[in-house]
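# Remarks on the overall topology
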Amino acid sequence: MTSMSRARVARRIAAGAAYGGGGIGLAGAATVGLLLAEVQLARRQVGNGVRPRVPSAEGRYGHVYDVPGEAPLFLTLLGDSTAAGQGVHRAGQTPGALLAAGLSAVAERPVVLRNVALPGAQSDDLDRQVGLVLTGPDQIPDICVVMIGANDVTHRMPPTRSVRHLSAAVRRLRTAGAEVVVGTCPDLGTIEPVQQPLRWLARRASRQLAAAQTIGTVEQGGRTVSLGDLLGPEFAANPRELFGPDNYHPSAEGYATAAMALLPTVCAALGLWPAEEERPDASRREGFLPVARAAAEAASEAGTEVTAAMPTGPRGPWALLKRRRRRRVPETAPAPVDTPDRPRTPLGDLG
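Just so you know, these numbers come straight off a predicted model, no measurement behind them.

Cut-offs applied
Residues numbered from 1 in each chain as written. Predicted model: local features only at pLDDT ≥ 70, side-chain atom pairs only at ≥ 80, totals over all residues. Heavy atoms only, no water. pLDDT = per-residue confidence, 0-100. Contact = heavy atoms within 4.5 Å. Buried < 20%, exposed > 50% of the residue type's maximum accessible area, 1.4 Å probe, protein only. Helix = DSSP H or I, 4+ residues; strand = E, 2+ residues; numbered from the N terminus. Pairing = 2+ DSSP bridges. Salt bridge = Lys/Arg side-chain N within 4 Å of Asp/Glu carboxyl O. Core = buried A, V, L, I, M, F, W, Y, C linked by side-chain atoms within 4.5 Å. Polar contact = N/O pair within 3.5 Å; in protein donor to acceptor, adjacent residues only side chain to side chain. Expected span 1.5 Å × (residues − 1).

## Examining the confidence of the model for the protein chain
For residues with low pLDDT, the predicted coordinates do not support detailed interpretation. Across the protein chain, the average pLDDT comes to 77, with 67% of residues at or above 70. Ignoring residues within four places in sequence, the model shows residues 21–34, a span with pLDDT below 50, making 23 contacts including any to other chains. Within the model, pLDDT remains below 50 along residues 44–51, and this stretch shows 9 contacts once partners closer than five positions in the same chain are excluded.

## Side note on the pairing of strand S4 (residues 143–147)
Within a regular beta strand, the side chains point alternately toward one face of the sheet and then the other, so they alternate between its two faces. Taken across its 5 residues, S4 has 5 buried, putting it largely inside the fold. Here S4 shows no split at all, with Ile143, Val145 and Met147 on one side and Cys144 and Val146 on the other all buried. The pairing of strand S2 (residues 73–79) with S4 spans 5 bridges and is parallel. The residue bridging Leu77 from the neighbouring strand is Val145, located in S4. The sheet contact formed by S4 and strand S5 (residues 179–183) spans 5 bridges and is parallel. Bridge pairing in S5 links Met147 to Gly183.

## Considering helix H12 (residues 291–299)
Across the 9 residues of H12, 7 count as buried, placing the element largely inside the fold. When H12 is considered as a whole, its buried residues turn out to be Val291, Ala292, Ala294, Ala295, Ala296, Ala298 and Ala299.

## Some thoughts on the pattern of salt bridges
Applying the stated rule across the entire model yields 16 salt bridges. Asp187 is the salt-bridge partner of Arg207, the closest N and O atoms lying 3.7 Å from each other. With Arg207 in helix H8 (residues 198–219) and Asp187 in the loop between S5 and H8, this residue pair connects regions lying 20 residues apart in the sequence. Across the pair Arg324 and Glu305 runs a salt bridge, and its minimum N-O distance is 2.3 Å. Here the residue Arg324 occupies a position in the segment after strand S9 (316–322), and Glu305 occupies one in strand S8 (residues 305–313), the gap between them amounting to 19 residues.

## A word on the nonpolar core
One finds Leu75, Leu99, Leu103, Val145, Val181 and Leu262 to be the most contacted residues of the largest nonpolar core, which totals 39 residues. Looking at this core, the elements with two or more residues in it are S2, helix H3 (81–84), helix H4 (95–107), strand S3 (111–115), S4 and helix H11 (252–269). For this core, the element with the most residues is H11, which contributes 11 residues. Those residues within four positions of Val145 in sequence are excluded, and the remaining contacts are Leu75, Thr76, Leu77, Leu78, Leu99, Val181, Leu262 and Val266.

## A short note on the environment of Asp80
By the element assignment, Asp80 lies in the loop between S2 and H3. Taking relative accessible area as the criterion, Asp80 reaches 3% and is therefore assigned buried. With 70 residues separating them in the primary sequence, Asp80 and Ala150 have C-alpha atoms 8.2 Å apart.

## Some details on the environment of Glu301
Examined against the element boundaries, Glu301 turns out to sit in the loop between H12 and S8. Looking at Glu301, the relative accessible area reads 25%, which means it is partly exposed. Between the C-alpha atoms of Glu301 and Ser226, which are 75 residues apart in sequence, the distance is 6.8 Å. Leave out the neighbours within four places in its chain, and Glu301 touches Ser226, Arg285 and Arg323. For Glu301, the side chain forms a polar contact with the side chain of Arg323, separated by 2.9 Å.

## What about helix H7 (residues 159–176)?
With 18 residues, H7 ought to run about 26 Å at 1.5 Å a step, and its terminal C-alpha atoms sit 26 Å apart, in line with that. Buried residues of H7: Pro159, Thr160, Ser162, Val163, Leu166, Ser167, Ala169, Val170 and Leu173, and no others.

## Focus: the pairing of S3
The element S3 is largely enclosed, with a buried count of 5 among its 5 residues. By the alternation rule, side chains of S3 split into Val111, Leu113 and Asn115 and Val112 and Arg114, which are all buried. Examined bridge by bridge, strand S1 (residues 59–61) and S3 share 3 bridges and lie antiparallel to one another. Among the inter-strand pairings, Gly59 is bridged to a residue of S3, identified as Leu113. Pairing geometry for S2 and S3, over 5 bridges, is parallel. Each bridged residue has a counterpart across the sheet, and for Leu73 the counterpart in S3 is Val111.

Structure representation (structure tokens):
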């Protein structure tokens, strides 16, 4: 599918989400039976008897930057198992810990991390997660990172419904005063247990959803980063290195790859990135595009950021497409803070 075709599909999905349209199928009716059979086979193979474990990374990072009277930054993660960090053994290897440590180093301020993500969650769980964020005892986060979408594809949730829930979550968080960065649906076409033709269908569906997620997020004032590489080309080239022991969730190296892609955008959303980096760089093929086209291009290239840039014009909203330089983030263990323990009960599904 070309970039322009993907842009048209993403625009239709986003429009359906905004205006309450019905679902646009992820696969044709003739392939549904085969798709379901392959998904069930992949689910039986994923895990290989490995019991899911999600280490808690909540706590305070960057004590070296503690200054009396200066408040820390508050970072919250929402989403599914990739946001929770399922598949690694140490808290410091989770994406939340990596982002908190990296953000603290860039801001030179402590960062308090909270994580309300739930393994197995689909986008319709975001309403509950946002409720936890906005009604809990903690202050409103300075920034929220959302990673969601894989389970929507494997459960064949209509993409219009998926994007509608994500857009509503972004709108609520932005209205409350939090910056929002969404890591869009990863490329599911490279999971080892998944065979053709599901592999092709999964790649097509996940990229369509990622593009539509970008449109919905940007229109609500958030930013997106394509996470195609989370289960994409780097994983296909190095599956033993970048996949965890269950052959589905990322390993420590895989989560580090995702965190390096997200961190520059997290910092930019908080005004912590150098001003010159906020201007489009033609040498990196950055620039202003209609949001649907920017979303389609980002879905095809992991690590690409899309953020709102201009008022709506004849061709719809415009966005700035950025290919930021990645920053390596060190593994850092959290220091505990006074936050209640929250259960991390898997829902029994892939993500």
